[in-house]
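Coordinate analysis (summary)
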Amino acid sequence: MAVAFAAADTYVVVLALPEMMGATGIPIDQLQRAAPIVSGFLLGYVAMLPLIGRIADLRGRLPVLVAALVVFAAGSLVTALAYDLPSMVTGRFLQGVGGGGLVPATLALVADLYPVERRGVPLGIVSAVQELGSVIGPLFGALVISVADWRTIFLINLAVGLVLAAALRAARDTREAGAAGASPGDERSPGPPGRFDWGSPLLLLVTLGFGALVFVQPNELVTDITWGELFLPFAGDGRWLTPVGLVTIVAFLLFLVRSATASRPMLDLAGWARSSREADLRGALLLAVALGGVILAFATADPQVQVFSDRGLWYLAAAAVAAVAFVLHLRSAQAPLVPPGALRQRPAWGAILVSFFVGSALIAALIDIPIYARTTTYRTSQLMAALVLVRFLVALPIGAVVGGYLIRTRGAGPVTAVGMTMSATGFFLMSRWGIDSLEDPTSNIALVLCGFGFGLALAPVNAAVLAHTDAGVHGLASAMVVVARMVGMLVGISALTTIGLRRYYAEQDGLPTVTEVCGKAEMCQDFRDLQKLAGVAQEQTVFLGAAFCALAAAVVALVVFRGAATRAVAAHHAVRSLG
């Protein structure tokens with residue numbers, strides 16, 4: 001439930017973005033200035049995943065799940081109260097950290113609770129609900145916006161996040177009290193002795209109360225002769241340099257100090273800091289910089305006009321330097337983020353490679369199917385263009401559950417290869433689409449085939465990496481698979497967009513002039529139709545490139561997953577050999 005809800009939040013800004021831009025003072029015609037609202041979430045989602053996954057291995061799955069939900073709820077609160085772009089990006093970043101942290105911890109928890117031969121279906125269900133977010137998110141956002149303000153979306157996120165965190169906390173306490181033989185991934189020592197520190201919640205309450213006043217600034221108080229002085233800045237015009245802002249800052253700092261020094265604090269800050277150090281915080285930060293550079297280079301660009309953002313090369317240069325530093329750090333650290341040999345088995349590192357190619361193909365469907373629909377059949381309706389993608393997205397989670405079921409009796413390699421071959425076939429059919437293809441019901445065959453194929457591949461990839469890594473690194477391994485897919489999506493859209501744009505420009509160069517077509521210097525419908533054909537040719541090229549990426553994933557899966565122990569038959573033979 002937590003993964004599904006957090007996944008939906010990844011796409012919830014699709015329809016809410018214009019109103020969110022207005023709340024931060026960004027004009028609707030300057031969409032590029034709102035890119036940090038999206039890239040901030042991606043940065044938190046991807047860059048911090050390896051560290052969170054490793055902490056889940058060291059501290060336990062359920063504590064990390066609870067903490068991730070609390071961070072997600074905090075990010076939702078900050079986003080709901082945001083008054084400018086920096087505060088909104090901060091909230092979205094926290095949402096990304098919390099939402100992203102749920103995925104590896106949940107996958108690792110599945111590995112803890114189920115034997116290898118029975119993991120397929122639950123892994124498929126986790127993958128399915130994660131992908132359902134791309135369907136539920138925009139619909140949830142549209143429903144809320146139709147009856148309330150955009151901020152209501154994130155206030156609902158806040159409430160649901162806290163409820164789910166409380167439910168998981170109760171489940172954890174029950175498990176600790178009643179299950180002395182808990183699995184290794186969930187072992188944890190009892191809390192420190194001493195009385196509960198009631199000062200921490202009081203300081204947190206003061207922080208939240210005064211912080212809300214800083215964000216909201218109620219007009220009745222601001223304009224009051226007496227109370228209004230609390231909102232006057234000591235210097236400049238910053239909200240945090242007011243008496244209300246300083247009270248918030250001081251209360252928050254005292255809360256952190258209390259959390260680090262109390263015997264039984266509300267937030268075990270010392271314990272989390274110790275877990276971060278044990279997980280190799282320095283290495284995680286170097287990897288985060290490397291991943292962040294890649295994300296910012298691609299995610300802040302407009303894929304229809306540029307491959308990188310204006311500062312893309314600088315971001316990539318910083319990412320390369322951080323990546324080299326990270327590799328050198330792994331060789332010298334006593335307890336590195338990625339333990340020596342953690343991913344040494346072929347199916348383990350192979351799953352990361354396959355996930356990269358899956359992501360590079362998947363992004364073409366998520367972005368270019370709606371673009372194609374807008375270019376051709378639904379030029380005046382963004383909603384109808386988005387609904388074309390829904391046909392793909394509905395088939396994907398169904399395929400995820402089916403794929404999880406199939407690997408109980410079939411190998412991960414063949415199931416993944418069949419799925420990605422189906423997706424490649426769907427993309428190839430799309431590459432033959434013309435201007436009016438969406439008006440033909442047979443176009444649904446390509447969409448459903450492609451989505452179902454991607455779904456088939458998700459559970460086998462996760463099952464392979466979990467079956468061929470130690471239980472002590474399941475969280476890290478799951479995080480690396482998710483990171484590889486996200487990086488593949490960013491690199492894939494860059495490469496495919498480059499190829500598509502070259503085809504577009506080539507088609508444009510071959511067009512006759514406006515005067516030759518229309519008989520006058522003014523634009524006419526015949527010339528617009530020729531331009532539309534150039535746009536269709538661009539999308540056809542992107543779909544064809546995605547088909548090759550999907551085929552690459554299929555071939556690699558057959559090679560690297562050969563002999564992967566993910567099915568009941570393999571487990572049965574292993575038992576017989578031991579007997």
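Note on numbering: residues in each chain are counted from 1, in written sequence order. Restriction of local features to residues with pLDDT of at least 70 applies here, the model being predicted, together with a cutoff of 80 or more for giving and counting side-chain atom pairs; totals for whole chains, interfaces and linings are based on all residues. Side-chain numbers here rest on the full set of heavy atoms in the structure, without hydrogens or water.

**Details of the overall build of the protein**
Let me state the cut-off plainly: Counting from the N terminus, the helices are DSSP H or I runs at least four residues long and the strands are E runs at least two residues long. Here's how the labels work: a residue is buried when its accessible area is under 20% of the maximum for its type, exposed when over 50%, partly exposed in between, all with a 1.4 Å probe on protein chains only. Note on contacts: a residue pair qualifies if any of its non-hydrogen atoms lie within 4.5 Å across the two residues. Only the protein chains shown count as cover for residues, with accessible areas throughout obtained via the Shrake-Rupley method and a probe of 1.4 Å.
Helices and strands together make up the secondary structure of the protein, namely 22 helices and 0 strands. Across the 579 residues of the protein, 49% fall into the buried class. A sequence separation of at least 24 residues applies to 78% of the contacts in the protein between residues at least 6 apart. Of the roughly 26,100 Å² of accessible surface on the protein, 67% is carried by carbon and sulfur atoms.

**Topic: empty space enclosed by the protein**
Selection rule: Each cavity reported here is a set of points on a 1 Å grid over the protein atoms alone in which a 1.4 Å probe fits but cannot get out, each pocket an open set with protein on both sides within 12 Å along at least five of seven lines, and each lining residue one with an atom within 4 Å of a point. Grid points are joined across faces, edges and corners, and a volume is the space filled by probe spheres set on the points. Basically, the charged four are Asp, Glu, Lys and Arg, the nonpolar ten are Ala, Val, Leu, Ile, Met, Phe, Trp, Tyr, Cys and Pro, and anything else, Gly included, counts as polar.
Under the criterion given, the structure shown has 4 cavities of 30 Å³ or more. The computed volume of the largest cavity comes to approximately 160 Å³. As for the largest cavity, its lining consists of 15 residues, and the residues nearest its centre are Ser355, Leu458, Asn462, Val481 and Arg485. Elements supplying a minimum of two residues to the lining of the largest cavity: helix H6 (85-113), helix H7 (120-147), helix H15 (346-375), helix H18 (443-467) and helix H19 (474-509). Partitioning the lining of the largest cavity into residue classes produces 9 nonpolar, 4 polar and 2 charged.

**A few points about unusual backbone geometry**
One non-glycine residue with positive phi stands out, namely glutamine 217, at about 50°. Inspection of the secondary structure assignment puts glutamine 217 in the loop between helix H9 (199-216) and helix H10 (219-222). Since its relative accessible area comes to 23%, glutamine 217 is described here as partly exposed.

**Looking at the packing of aromatic side chains**
For any pair of aromatic rings, geometry is given as the distance between the ring centres together with the angle between the planes. Note the following rule: A pair of Phe, Tyr and Trp rings is counted when the ring centres sit within 6.5 Å of each other, with Trp represented by its six-membered ring. The angle between the planes then sorts it: under 30 degrees is stacked, over 60 is edge-to-face, the rest tilted. Consider the ring centre and the ring normal. A charge sits over the ring if Lys NZ or Arg CZ is within 6 Å of that centre and within 35 degrees of that normal.
Scanning the model with the defined rule gives 11 aromatic pairs in all. Ring geometry for tryptophan 433 against phenylalanine 543: centres 6.2 Å apart, planes inclined by 80°, an arrangement best described as edge-to-face. With a gap of 110 residues between them, tryptophan 433 in the loop between helix H17 (412-430) and H18 and phenylalanine 543 in helix H21 (residues 525-560) connect regions that are remote in the sequence. As far as burial versus exposure is concerned, tryptophan 433 and phenylalanine 543 are alike and both buried. What links up through ring pairs into an aromatic cluster is the set Tyr372, Phe392, Phe427, Trp433, Phe454 and Phe543. Stacked on the ring of tryptophan 272, the Lys or Arg arginine 59 has its end atom at 4.1 Å from the ring centre. A cation over an aromatic ring shows up here: arginine 239 above the ring of tyrosine 83, its NZ or CZ 3.8 Å from the ring centre.

**Considering helix H3 (residues 35-47)**
Rules: A helix's residues, less one, multiplied by 1.5 Å, set its expected span.
The terminal C-alpha atoms of H3, which comprises 13 residues, lie 17 Å apart, in line with the 18 Å expected from a rise of 1.5 Å per residue. In terms of burial, H3 is a largely internal element, 10 of the 13 residues being buried. If you check which residues of H3 are buried, you get Ala35, Ile37, Ser39, Gly40, Phe41, Leu42, Gly44, Tyr45, Val46 and Ala47.

**Observations concerning the pattern of salt bridges**
Formally: Between Lys or Arg on one side and Asp or Glu on the other, a salt bridge is scored when a side-chain nitrogen of the former is within 4 Å of a carboxyl oxygen of the latter.
Enumeration over the complete set of coordinates arrives at 6 salt bridges. Of the charged contacts in the structure, one is a salt bridge between aspartate 112 and arginine 61, with a shortest N-O distance of 2.7 Å. Of this pair, aspartate 112 sits in helix H6 while arginine 61 sits in helix H5 (residues 61-81), and the two are 51 residues apart along the sequence. Of the two residues, aspartate 112 and arginine 61, both sit in the buried class. Measuring nitrogen to oxygen at the nearest pair gives 4.0 Å for the salt bridge that ties arginine 151 to aspartate 149.

**Details of the environment of alanine 4**
Here alanine 4 lies in helix H1 (residues 2-11). Those residues within four positions of alanine 4 in sequence are excluded, and the remaining contacts are Val129 and Gly133.

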